[in-house]
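A closer look at the structure
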Amino acid sequence: MSDLDEVTFRHLRYFLTVVREGSVSAAAKELHLAQPSLSHQLRKLEGRVGVELFARSAGGMTLTPAGRRFLEGVDSLPSALRAAVDAAVRTSHAWSLGVCSGVPAHVVELVEVALEAQAREEFETSARIELRSAGSSRQSTLLEHGELTFGLVRLPLTSQRLVGAEVWREELGAVVGRHHPFADVDTVPWERLVSQRLLWFDTATAPLFASSLLAALGVHGWEPDLVVADTSRHILFQHVLQTNPDLVSLRPRSAIEPDPVLRWKPITGGPPLVERLGLTATRGTPHADVLARAATANHWITQP
């Protein structure tokens, strides 16, 4: 039994390919292996099984009686394994959803409802959505490593290995503390923003969003001094803005209001700044298919 423990699916794949192709040379070409290496692996398999599986001749490889019995037992294993994997994926409804900071609660709920609807439609059961806090860039790594099922990130996407759909877009406004000079005005013109410092975030968490936003500010003539602070929790965000009367932040209104401390003001005098949030999954996975169907059902804009 210890020898059989060393038999891997790779060995079975090599065996079945040689049976199908009829020779080691043809099978090696199909498998993109060197012929001596494939021959060595076949000998290893025979050694672990304990019998010769092939009769070798100048004309090729033919199965021995033992080899034919072995083929009967393992021929269906690849298709059975594929079916088992597919079944496991389709019946596993504990989906982890990464959420970047500052996402409004109603957007998270919107995505949860959409994913649960897909689970009910496809699997006739509900999905259990487990939320996990992670920056947009970090989510790319977690998705590619299989540690997240879906991600809720700021667009644009940071990796070609991901697919996504825009689930929400909203205008950015100026957010200030209640003692800030902007707190009592109805709107903030662009020309008044240029003297303000900007509360910023670690650009590594969403590098493409950060660069595109700074480029948009530059078009409007604002190249602000950036104040990077830990605002991962809302109370920290409130405190920084309350204690710095020349500091503003740029956030969607729905991410701030209602708030007893902070004030949100629309910015006037130019094209609006927009934040886009997207649902993403790893390209080529069953979860990417779920995302695509959810995007169609909810009329979300898919991302290239």
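Residues numbered from 1 in each chain as written. Predicted model: local features only at pLDDT ≥ 70, side-chain atom pairs only at ≥ 80, totals over all residues. Heavy atoms only, no water.

- As recorded in an unreviewed UniProt entry, the protein chain goes by the name LysR family transcriptional regulator, listed as coming from Williamsia herbipolensis.
- Under Sequence similarities (unreviewed entry), UniProt gives the following word-for-word description of the protein chain: "Belongs to the LysR transcriptional regulatory family." (UniProt positions renumbered as here; feature names shortened; annotations may be inferred.)

1. Brief notes about the environment of Ile-301
- The residue Ile-301 is located in strand 14 (residues 301-303) in this model.
- Ile-301 sits 284 residues away from Thr-17 along the chain, and the two C-alpha atoms are 43 Å apart.
- Not counting the four nearest positions on each side in its chain, Ile-301 is found in contact with Gly-164, Ala-165 and Glu-166. (Helix = DSSP H or I, 4+ residues; strand = E, 2+ residues; numbered from the N terminus. Contact = heavy atoms within 4.5 Å.)

2. Some remarks on the side chain of Arg-251
- Turning to its location among the elements, Arg-251 is positioned in strand 10 (residues 247-252).
- Among buried Asp, Glu, Lys and Arg side chains, Arg-251 stands out as unpaired, with Glu-275 the closest opposite charge at 6.2 Å.
- Aside from chain neighbours lying at most four places away, what touches Arg-251 is Glu-171, Leu-172, Gly-173, Val-175, Thr-231, Phe-237, Ile-256 and Trp-264. (Buried < 20%, exposed > 50% of the residue type's maximum accessible area, 1.4 Å probe, protein only. Lys, Arg positive; Asp, Glu negative; His and termini not counted. Salt bridge = Lys/Arg side-chain N within 4 Å of Asp/Glu carboxyl O.)

3. With respect to the layout of surface pockets
- Empty space within the largest pocket amounts to approximately 760 Å³.
- What lines the largest pocket is a set of 31 residues, and nearest its centre among them are Ser-101, Gly-102, Arg-154, Thr-231 and Arg-251.
- Of the residues contributing to the lining of the largest pocket, the split by class is 16 nonpolar, ten polar and five charged. (1 Å grid on protein atoms, 1.4 Å probe; cavity = no way out; pocket = protein on both sides within 12 Å on 5 of 7 lines; lining within 4 Å. Points joined across faces, edges and corners; volume = space filled by probe spheres on them. Nonpolar A, V, L, I, M, F, W, Y, C, P; charged D, E, K, R; others polar.)

4. Let's talk about the nonpolar core
- By size, the foremost hydrophobic cluster in this structure holds 26 residues, and its most contacted members are Trp-95, Phe-150 and Leu-279.
- Within the residue set of this core, elements represented by two or more residues are strand 3 (94-99), helix 7 (105-123), strand 5 (150-154), strand 6 (162-177), strand 13 (274-282) and helix 12 (286-298).
- Ranked by residue count, the leading element in this core is helix 7, at seven residues.
- Ranked by size, the runner-up nonpolar core spans 20 residues in total, among them Leu-198, Ala-206, Trp-222 and Ile-267. (Core = buried A, V, L, I, M, F, W, Y, C linked by side-chain atoms within 4.5 Å.)

5. Observations concerning the packing of aromatic side chains
- This model, assessed by the stated rule, comprises six aromatic pairs.
- On the basis of an interplanar angle of 50° and a centroid distance of 5.4 Å, the ring pair of Phe-15 and Phe-54 is categorised as tilted. Here Phe-15, found in helix 2 (residues 9-21), pairs with Phe-54, found in strand 1 (residues 54-57); they are 39 residues apart in sequence, far enough to count as distant.
- You can call Phe-15 buried: its relative accessible area is 0%.
- Judged by relative accessible area, which is 2%, Phe-54 ranks as buried.
- For the ring pair Trp-95 and Phe-150, a centre distance of 5.5 Å and an interplane angle of 75° mean the geometry is edge-to-face. (Phe/Tyr/Trp six-rings, centres within 6.5 Å; stacked < 30°, edge-to-face > 60°.)

6. Points about helix 4 (residues 35-49)
- With 15 residues, helix 4 extends 21 Å between its outermost C-alpha atoms, agreeing within 8% with the 21 Å of an ideal straight helix rising 1.5 Å per residue.
- Of all the residues in helix 4, the buried ones are Leu-38, Gln-41, Leu-42, Leu-45 and Glu-46. Buried residues along helix 4 cover an arc of 140° about the axis, so they all sit on one side. Along helix 4, exposed side chains directed more than 90 degrees from the buried face belong to Pro-36 and Gly-47.
- Each element contacted by the buried residues of helix 4 is listed here: helix 2, helix 3 (24-31), strand 1, strand 2 (60-63) and helix 5 (65-74).
- Of the residues one or two after helix 4, Gly-50 is the one with positive phi, at around 100°. (Expected span 1.5 Å × (residues − 1). Arc of directions from axis to C-beta.)

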